[in-house]
Amino acid sequence: MKRLILASTALAMMMGSTLAADKFLVDMKGPGAGNPFWAAVEAGAMEKGKELGVEVVVMSPPAESDVAAQIAQIEDMITQGLAGIALAPTDPNALAPVVDAAKAKNIPVVFVDTKGTNEGITFIGTDNAAGAKLAADYICGKIEKGSEVAILQGIITQSTGQARATGAKSGLEGCGLKVVAEQTGEWDRAKGQAAMENIITGNPNIKAVFASNDNMALGAVEALKSAGKLADVMVVGFDANPDAAASVLAGEMTATVAQAPKNMGGFGIQALVDLKAGKTIEAVIDTGTVLVDKSNAEQYK
Amino acid sequence: MISNNPRLASFLEHYGIVVIVVVMMVLLYASRPDVFLTLANLTNIIKQNASLALLALGMFVVIVTAGIDLSVGSVMALAMMCLAVAAKAGVPWPIVILIGPAVGIACGLVNGFGLTILRLPHPFIMTLGTLNVARGLSSLITNGAPVSGLGPQVRYLGQANYDFGIFPPPTGLPASLFVVVICAAALWFFLNRTSLGRHIFAIGGNPHAARVSGINVDRVLVYVYAISGFFAGLAGLLLAGRTDSGFPLAGQNAELDAIAAVIIGGASFFGGRGTILGVLAGVLIMGLMRNGLNLNNISPFWQQILIGLVIILAVYIDVIRRRAAVRT
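Criteria and cut-off values
- Residues numbered from 1 in each chain as written.
- Chains lettered and ligands numbered in written order.
- Predicted model: local features only at pLDDT ≥ 70, side-chain atom pairs only at ≥ 80, totals over all residues.
- Helix = DSSP H or I, 4+ residues; strand = E, 2+ residues; numbered from the N terminus.
- Rg over C-alpha atoms; globule rule 2.2 N^0.38 Å.
- Buried ≥ 20, exposed ≤ 12 C-beta atoms within 10 Å, placed from the backbone.
- Contact = placed C-beta atoms within 7 Å.
- Pairing = 2+ DSSP bridges.
- Axes fitted to C-alpha atoms, helices over the stretch in contact; angles between N-to-C directions.
- Expected span 1.5 Å × (residues − 1).
- Domains from an automatic or database assignment.
- Nonpolar A, V, L, I, M, F, W, Y, C, P; charged D, E, K, R; others polar.
- pLDDT = per-residue confidence, 0-100.
- Core = buried A, V, L, I, M, F, W, Y, C linked by C-beta atoms within 7 Å.
- Parallel < 35°, antiparallel > 145°, perpendicular 65-115°, else oblique.
- Left-handed = near helix turned anticlockwise from the far one by under 90°.
- UniProt positions renumbered as here; feature names shortened; annotations may be inferred.

(A) The arrangement of the overall build of chain B in detail. Tallying secondary structure elements over chain B gives 13 helices and four strands in all. Against the compact-globule benchmark of 20 Å for 328 residues, chain B has a radius of gyration of 20 Å, which places it among compact chains. Overall, the C-alpha framework of chain B stretches about 65 × 55 × 40 Å when taken along its three principal axes. A total of 328 residues make up chain B; the buried ones form 50% of that total. Restricting to contacts in chain B with at least 6 residues of sequence separation, those with at least 24 account for 78%.

In structure tokens form, the structure reads like this:
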């Protein structure tokens, strides 16, 4: 008897999942809990789901580098039946086959945050090159033409790292500044700090540094502090994470660039619902960037 | 060719590693004569590699027993997160700075007992497990968020500079240099002047003979992994102090750098052989290489290629001198 109940509950659960036709999956690069960026993507998606009356499931691999876990997750979800997938691919090439598999089953897919390699799929996210250009323009407005500046790159084999580095470089050089050093801090605070120590040792005259994310910008602040040069070198980051906002308010970092991760989640669900209803959507949907300095940093803390 | 020249081999035997360090320093000086030998740059090299030096010292003890500890990078991050969270929660600083090494020792004991009680077949497996567990825990503590603002006392070992009244501020000799020197000296004494230390070398040289001669191999191994954990925890304290932050992804792949430094420094991967000075030279070689490439604004991809080549070169030198030793 007991066994029969167990078997029937199991059966009911299996049927229940195959019947959930209006279930939308948001698969992010990293866990939302705690990481403010992914938490905002998650919140945006959940809110939009509630608003539109559809079920939203948010998942992610345990770490951004765990490509295989993300692929497995999506495969498992596809077999359970899905109405759409908003995917932030950890590795666009590696995720391409599973995206094709979803398309073959007529499951609508959009990319959020990071563009995939599959043709004909809408990308919803930040124009990183434009965001870096925004930071570069801000630096240009604050320091003299011809000054030496530096760029701390992220991992430049990733499209985000590439876009921010090139966007900043063209912006800084475009307004007549001299980029004398470009080094990678691999998105990491300690490595950014080390890179910045080397940059100011080799290039003592730099007036500003653009760091491709806030972790490295905060590392750069530590490097400048211990060299006694924080007053001479302006630090502008990217991401507007809470630590960076606090640093801007404390007058250490000068500015940072905010993405709108909540929009990524919200726009993502909206786009999937539209696709499901047979509407066509734009190939690229920009979620926007905002420059954050002392005047508006409070809201990002 | 080279290996047939006994005098050259004997010279390499004693000074090979020093030759590499000197050649590198000359090359770096030639490439950036304006910067390389400045106090600011030399202290940068020390500060940037102090944590690696501690990890490598711990790794050395493990490699001497023909073992491996893959967990050190993750354990460093876990120690860093634990002490950062404690500091933010208002725990008094004398306790906070003990938390780093204590977490490290605890993780090391887990590795040691896993090896000796669970009898897992190779330390690679046990420490691969704890690599993942510790990394997961580091992220779990704050759900992946970094923790900043640790206070001056907690930061002291990782951040303080001594100007001794001769160096113009803000330059000076970093406190982390003294931490590394003291640790290296203490470890040298321990390995060479205590019976437990000699047992560690004996196990690496010939575990069977060690067992037969009455050494409690299991007990020694537990100590060995606890020591490695201790150094990883201390490295976490230094890195947290230096960056004023605990962040869960700290020290990713640091175990590979530590292994590379130990191997470049001439320790045998099969146990029983190696010196503390060699380990420090290995760390210095990796640090000099990165520094030089950074100062010359050379792509990080070249750094990886060169580190790979140096590992191969260093072990090749080792092979030459072993051959020479067999012949004489």
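Read on, since the account is not over.
(B) Quick look at the overall build of chain A. Along its length, chain A carries ten helices and twelve strands. The principal-axis extents of the C-alpha atoms in chain A amount to approximately 80 × 45 × 35 Å. Pairs at least 24 apart in sequence give 72% of the contacts found in chain A among residues at least 6 apart.

(C) Inspection of the sheet that holds strand S7 (residues 178-184) of chain A at higher detail. Residues and elements named next belong to chain A. Judged by pairing direction, the sheet is parallel, and its four strands sit side by side in the order S7-S6-S8-S9 without closing on themselves. Edge positions in the sheet fall to S7 and strand S9 (234-236), since each of these pairs with one other strand and no more. Across this sheet, the average inter-strand angle for adjacent strands is 20 degrees, counted without regard to direction. As judged from the six bridges shared by strand S6 (residues 148-153) and S7, these two strands associate in the parallel manner.

(D) Spatial organisation of helix H5 (residues 123-141) of chain B. Residue and element names in this part refer to chain B. Taking 1.5 Å per residue as the helical rise, H5 with its 19 residues ought to reach 27 Å, and the 26 Å between its terminal C-alpha atoms agrees with that figure. Contact partners of the buried residues in H5: helix H3 (72-88) and helix H4 (93-116). In the stretch just after H5, Asn143 is the one whose phi turns positive, near 55 degrees.

(E) Representation of the domain arrangement of chain A in the model. Domain annotation for chain A reports domain 1 (14-126 + 261-287) and domain 2 (128-259). Considered class by class, the residues forming the side of domain 1 of chain A that touches domain 2 of chain A number three nonpolar, three polar and one charged.

(F) Summary view of the sheet that holds strand S2 (residues 55-59) of chain A. Residue and element names in this part refer to chain A. On the basis of which strands lie adjacent, the open sheet formed by six strands has the order S2-S1-S3-S4-S5-S11 and parallel pairing. A strand with exactly one partner marks an edge of an open sheet, and here the two such strands are S2 and strand S11 (284-286). The sheet shows a mean angle of 20 degrees between the axes of neighbouring strands, taken without regard to direction. Relative to strand S3 (residues 84-87), strand S1 (residues 23-27) runs parallel, the two being bridged by four bridges. Bridge pairing links Asp27 to Leu87 in S3. In the packing of helix H3 (residues 67-80) onto the sheet, the strands contacted are S1, S2 and S3, and the crossing angle to S1 comes to about 175 degrees. Relative to S3, helix H10 (residues 261-276) is tilted by about 150 degrees, and along the sheet it contacts S1, S2, S3, strand S4 (109-112), strand S5 (123-125) and S11.

(G) Summary view of the interface of chain B and chain A. Taken together, the contacts link 28 residues of chain B with 26 residues of chain A. Looking at the side of chain B that touches chain A, the elements with two or more residues in it are helix H2 (39-64), helix H10 (217-243) and helix H12 (276-295) of chain B. Of the residues contributing to the side of chain B that touches chain A, the split by class is eleven nonpolar, 15 polar and two charged.

(H) Highlighting the confidence of the model for chain A. When the pLDDT values of chain A are averaged, the result is 89; 93% of them are 70 or greater. A low-confidence stretch, residues 11-20 of chain A stays under pLDDT 50, and its non-local contacts, those more than four residues away or across chains, total six contacts.

(I) Representation of the pairing of S2(A) within the structure. Residue and element names in this part refer to chain A. Of the two faces of S2, the one lined by Val56 and Val58 is fully buried and the one lined by Glu55, Val57 and Met59 carries no buried residue. Sheet topology places S1 next to S2; five bridges connect them, and they run parallel. Paired with Leu25 across the strands is Val57, a residue of S2.

(J) Quick look at the confidence of the model for chain B. Residues and elements named next belong to chain B. In the predicted model, chain B carries a mean pLDDT of 89, and 95% of its residues have values of at least 70. Within chain B, H3 carries the highest mean pLDDT (97), whereas helix H1 (residues 6-31) carries the lowest (78). If you check the scores for this complex, the pTM reads 0.77 and the ipTM reads 0.74.

(K) Representation of the nonpolar core within the structure. Counting 151 residues, the largest nonpolar core has A:Ala135, A:Val209, B:Leu55, B:Ala56, B:Met76 and B:Leu83 as the members making the most contacts within it. Here this core gets 15 residues from one element, more than from any other, and that element is H10(B). If we skip the residues at most four places from it in the chain, B:Leu83 touches B:Val96, B:Ile99, B:Gly100, B:Val154, B:Leu237, B:Ala240 and B:Gly246. Core analysis: the second largest hydrophobic core is formed by 35 residues, A:Met28, A:Val41, A:Ala88 and A:Phe111 among them.

(L) Summary view of the packing of helix H7 (residues 189-202) of chain A against H12(B). At a minimum axis distance of 9 Å, the contact between H7(A) and H12(B) shows a crossing angle of 55 degrees. Considering the angle they form, H7(A) stands oblique to H12(B). Our pair here, H7(A) against H12(B), has a crossing hand that is right-handed. The residues of H12(B) that touch H7(A), namely those facing A:Ala195, A:Asn198 and A:Gly202, are B:Asn291, B:Asn294 and B:Leu295. A class-by-class count of the residues in the contact of H7(A) with H12(B) yields two nonpolar, four polar and no charged.

(M) Spatial organisation of the UniProt feature "transmembrane region" (unreviewed entry) in chain B. Residues and elements named next belong to chain B. The residues that UniProt annotates with the feature "transmembrane region" (unreviewed entry) are residues 12-30, 50-83, 95-118, 172-191, 220-239, 259-289 and 301-320. For the annotated span residues 95-118, helix accounts for 92% and strand for 0% of the residues, and the straight-line distance between the end C-alpha atoms is 32 Å. End-to-end, the C-alpha atoms of residues 172-191 are 31 Å apart, and along that stretch the chain is 85% helix and 10% strand.

(N) Representation of the environment of A:Met216 within the structure. Residues and elements named next belong to chain A. Assignment of secondary structure puts Met216 in helix H8 (residues 214-226). By C-beta crowding, Met216 is classed as buried, having 32 other C-beta atoms within 10 Å. Separated by 40 residues in sequence, Met216 and Thr256 have C-alpha atoms that sit 12 Å apart.

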